[in-house]
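Residues per chain, in single letters:
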Amino acid sequence: MSDSQQSEKSPVPEEPTVQKTEEQWRSELTPDEFRVLRKAGTERPFTGEYWDTQTEGVYACRACGQELFTSNAKFDAGCGWPSFFAPLAEDRVRYIRDSTLGMVRVEVRCSACDSHLGHVFEGEGFNTPTDQRYCMNSVSLRLKTTQ
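Small disclaimer: the values here were computed from a predicted structure and weren't measured.

1. A look at the pattern of salt bridges
Line of reasoning, step 1. Applying the stated rule across the entire model yields 13 salt bridges.
Line of reasoning, step 2. The salt bridge partner of R62 is E49, with a shortest N-O separation of 3.2 Å. Of this pair, R62 sits in the loop between β1 (57–61) and β2 (67–70) while E49 sits in the loop between α3 (31–37) and β1, placing them 13 residues apart in sequence.
Line of reasoning, step 3. When its relative accessible area of 14% is taken as the criterion, R62 is described as buried.
Line of reasoning, step 4. Residue R94 pairs with D114 through a salt bridge whose shortest N-O separation is 3.5 Å. Of this pair, R94 sits in strand β5 (residues 93–98) while D114 is found in the loop between β6 (105–110) and β7 (116–122), placing the two residues 20 residues apart along the sequence.
Line of reasoning, step 5. Relative accessible area serves as the criterion here: at 22%, D114 is assigned to the partly exposed category.
Line of reasoning, step 6. Residues participating in the shared-partner salt-bridge network are R94, E107, R109 and D114.

Pasting the structure below:
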């Protein structure tokens, strides 16, 4: 995703609306949730709660509850993490250039609380409407079922 595409796709406020201290986050999240959501960690593939879930519903940020993705946009990318071809709405996520680990990627964060969700990739050839793969950590999400 180019820098111009990133800015076009992020009509979100500069500052998150949910702001807490590190101590508050630590007290509210499990150690694994804190590591991923607040420290941009990654869970191991094929281990998360939602990587192969086909249950209908809405996926919300586990830290603040903002709704982020729907099961209608979820697809099996075979990567071991929940994958979506688009967020629920563009103002629900923010995009950050991530050049850690010797590569350039686009990090996806919750726009409400600035928690790390995962990364978005494009041009991988998946048969989806957007040609994008939002590769999210299960521990960053909570599924609200509609059944």
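2. Describing the packing of aromatic side chains
Line of reasoning, step 1. Following the criterion strictly, the structure yields seven aromatic pairs and no others.
Line of reasoning, step 2. Look at F46 and W51: their rings are 4.9 Å apart centre to centre, the planes differ by 85 degrees, and that puts the pair in the edge-to-face class.
Line of reasoning, step 3. The partly exposed category is assigned to W51, whose relative accessible area is 28%.
Line of reasoning, step 4. Site record: aromatic cluster; members linked through ring pairs are Y50, Y59, F69, F84, Y95 and Y134.
Line of reasoning, step 5. One residue, K20, lies across the ring of W25, its end atom 4.9 Å from the ring centre.

The rules behind the values
- Residues numbered from 1 in each chain as written.
- Predicted model: local features only at pLDDT ≥ 70, side-chain atom pairs only at ≥ 80, totals over all residues.
- Heavy atoms only, no water.
- Salt bridge = Lys/Arg side-chain N within 4 Å of Asp/Glu carboxyl O.
- Helix = DSSP H or I, 4+ residues; strand = E, 2+ residues; numbered from the N terminus.
- Buried < 20%, exposed > 50% of the residue type's maximum accessible area, 1.4 Å probe, protein only.
- Phe/Tyr/Trp six-rings, centres within 6.5 Å; stacked < 30°, edge-to-face > 60°.
- Lys NZ or Arg CZ within 6 Å of the ring centre and 35° of its normal.

Read these as spatial facts, not as claims about activity.
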